[in-house]
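# A structural walkthrough
Chain by chain, the residues run as shown.
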Amino acid sequence: MNERHRAREALVQALYQWHYNPQDPRQLEMEFLDAGYLEGAERAYFQHLLRKAVERQEEIDGLIAPAIMPRRLSELTGVEQAILRAGVGELLEREDVPYRVVINEAVELAKSFGTDQGYRFVNAVLDRIARERRAQGEGGTAGDG
C-alpha cells in the first residue's frame, strides 16, 4: 500500500470520526498520529485534505447533495459521507491529481469500509461531480497518476 493511499484511508477514518464528534482538525490529526494511524501515510497529504475537508464542508456537501438526489445527505451512512467528503475534497483541493485516480481510490475505500455495493454509488456520485467540475473548468485533469 503506498503512502498516499494510506493517507486517504486515514482521511476517511478521520472524517468519519469528525462526522460524529466535530472537533478541531489539528486535534484529530494529533489523535491519529498518537494512535499510529498515520504510519506509512503521507502525513502532509492527510493533514492538508483533512483541514480543507472540514473547512470546506458546506461547499463539499453542497456539491454532493444534488449528485445523490433523490436521496438526502442525512440518509447516507457515516462511512458513505466520509468517503464522499474525502473524494470531493480531494477533487477540489488537488487539481494535480487526475480525477480518475481520486474516483478509483474512493471506490477502493468504499469496498474496504462501505456496504457490499456501496462502491458503485460512490463511483457514480464522484464521477458526476468530477464531470460537472471539469465542464466548469475546475480541476478536470484526465491523465493517469
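The structure presented is a predicted model; accordingly, all values stated were derived computationally and were not measured. (Residues numbered from 1 in each chain as written. Predicted model: local features only at pLDDT ≥ 70, side-chain atom pairs only at ≥ 80, totals over all residues. Heavy atoms only, no water.)

### A look at the overall build of the protein chain
- Scanning the protein chain from N- to C-terminus turns up seven helices and zero strands.
- Element order for the protein chain, N to C, with α for helix and β for strand: α-α-α-α-α-α-α.
- In terms of C-alpha radius of gyration, the protein chain reaches 14 Å, essentially the compact-globule figure of 15 Å for 145 residues.
- Classification of the 145 residues of the protein chain by burial places 47% in the buried group.
- Long-range pairs, those at least 24 residues apart, make up 71% of the contacts in the protein chain with a sequence separation of at least 6.
- Approximately 7400 Å² of the protein chain is accessible, and the part contributed by carbon and sulfur atoms is 45%.
- The protein chain carries 19 positive and 25 negative side-chain charges, and their two centres are separated by 4 Å. (Helix = DSSP H or I, 4+ residues; strand = E, 2+ residues; numbered from the N terminus. Rg over C-alpha atoms; globule rule 2.2 N^0.38 Å. Buried < 20%, exposed > 50% of the residue type's maximum accessible area, 1.4 Å probe, protein only. Contact = heavy atoms within 4.5 Å. Areas by Shrake-Rupley, 256 points an atom, 1.4 Å probe, with all protein chains shown as cover. Lys, Arg positive; Asp, Glu negative; His and termini not counted. Charge placed at Lys NZ, Arg CZ, Asp CG, Glu CD.)

### With respect to the pattern of salt bridges
- For the structure on display, the rule yields 14 salt bridges.
- Two residues, Arg 51 and Glu 29, come together in a salt bridge whose shortest N-O distance is 2.7 Å. Of this pair, Arg 51 sits in helix H3 (residues 43-55) while Glu 29 sits in helix H2 (residues 25-35), and the two are 22 residues apart along the sequence.
- Residue classification places Arg 51 among the partly exposed positions, given a relative accessible area of 29%.
- One salt bridge connects Arg 94 with Asp 96, and the closest N-O pair in it is separated by 2.7 Å. (Salt bridge = Lys/Arg side-chain N within 4 Å of Asp/Glu carboxyl O.)

### Some thoughts on helix H4 (residues 57-67)
- Considered for burial, the residues of H4 that qualify are Ile 60, Asp 61, Leu 63, Ile 64 and Ala 67. For H4, the angular spread of buried residues about the axis comes to 160°, placing them on one side. What points out from H4, more than 90 degrees from its buried face, is the exposed set Glu 58 and Pro 66. (Arc of directions from axis to C-beta.)

### Quick word on the environment of Val 101
- Position of Val 101 among the secondary structure elements: in helix H6 (residues 99-113).
- Assessed through its relative accessible area of 15%, Val 101 is described here as buried.
- Sequence spacing of Val 101 and Arg 71 is 30 residues, and the spatial spacing of their C-alpha atoms is 26 Å.

### Remarks on H3
- For H3, spanning 13 residues, the distance from its first C-alpha to its last is 18 Å, which sits close to the expected 18 Å at 1.5 Å a residue.
- Among all positions in H3, only Tyr 45, Phe 46, Gln 47, Leu 49, Leu 50, Ala 53 and Val 54 are buried.
- Summarising the contacts, the buried residues of H3 are in contact with helix H1 (3-20), H2, H4 and helix H5 (78-93). (Expected span 1.5 Å × (residues − 1).)

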